[in-house]
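# Observations on chain architecture
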Amino acid sequence: MATEKKQRKTENENREFKFEWTEDFAFIQNLNGFKTCLICKEKFAHNKKPNLERRFTRKHASFRTKYPTRDVRKKAVEELQKCQESSNSVFNKWMQSSSIINMASFAFSQEISKRGKPYTDGEFMKNCFINASE
């Protein structure tokens, strides 16, 4: 009779992202908990130092040789982090503006459904724009 193997779950192993890995391997932990490579922007779910180290040494050997010392590499990683944060802030601003546009379109739709008037009525359109601007 075959016995079932018990599957290990990494969630139960209480692994934490260590911030020294940012300087050593150019990885950060994003808001969703995924580890993200600052160089190639690839995301990883597992939180193991050997996996991150192997990935860094194999895929980004040129980065490793270009910035060999700790101080120089630290500055390069900080620059990559600033680029990552600026791209995230641009995306967040775009999402907020998109949300505002959706709310305005819902205000227009609500006015149309309430009154059932055509777009050619000037006073009606004025009220729609006032409600959308709020």
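Our structure is the block above this text.
All chains use their own residue numbering, which begins from 1 and follows the written sequence. In view of the model being predicted, local features appear only for residues whose pLDDT reaches at least 70, and side-chain atom pairs are presented and counted only at 80 or more, with totals across whole chains, interfaces and linings using the full set of residues. Excluded from the side-chain calculation are hydrogens and water; included are all heavy atoms of the structure.

### Observations concerning helix H2 (residues 49-59)
Counted only if it meets this: Only protein chains enter the calculation, and the probe is 1.4 Å; a residue is then buried if its accessible area is under 20% of its type maximum, exposed if over 50%, and partly exposed in between. Only DSSP runs of H or I covering at least 4 residues are called helices, and only runs of E covering at least 2 are called strands; the numbering of each starts at the N terminus. The arc in question is traced by the directions running from the helix axis to the C-beta atoms.
Regarding H2, the residues found buried are Leu 52, Arg 55 and Phe 56. Looking straight down H2, one finds that the buried residues subtend no more than 95° of arc, so they occupy a single side. In H2, those exposed residues whose orientation departs by more than 90 degrees from the buried face are Pro 50 and Arg 58.

### Re the environment of Cys 37
As a reminder, the rule being used: Any two residues whose heavy atoms approach within 4.5 Å at even a single point are treated as in contact.
Residue position: Cys 37 is located in strand E2 (residues 35-37). The exposure class of Cys 37 is buried, given its relative accessible area of 0%. Taking C-alpha positions, Cys 37 is 9.5 Å from Arg 55, a pair spaced 18 residues apart along the chain. Among all residues touching Cys 37, those that are not within four sequence positions of it are Ala 26, Phe 27, Glu 42 and His 60.

### Remarks on the pattern of salt bridges
Keep this limit in mind: In what follows, salt bridge is the name for a side-chain nitrogen of Lys or Arg lying within 4 Å of a carboxyl oxygen of Asp or Glu.
Taken as a whole and assessed by the stated rule, the structure comprises 1 salt bridge. Of the charged contacts, one joins Arg 55 and Glu 42 as a salt bridge, the two residues approaching to 2.7 Å between their closest N and O atoms. Placement of Arg 55 in helix H2 and of Glu 42 in the loop between E2 and strand E3 (43-44) is noted, with a sequence separation of 13 residues between them.

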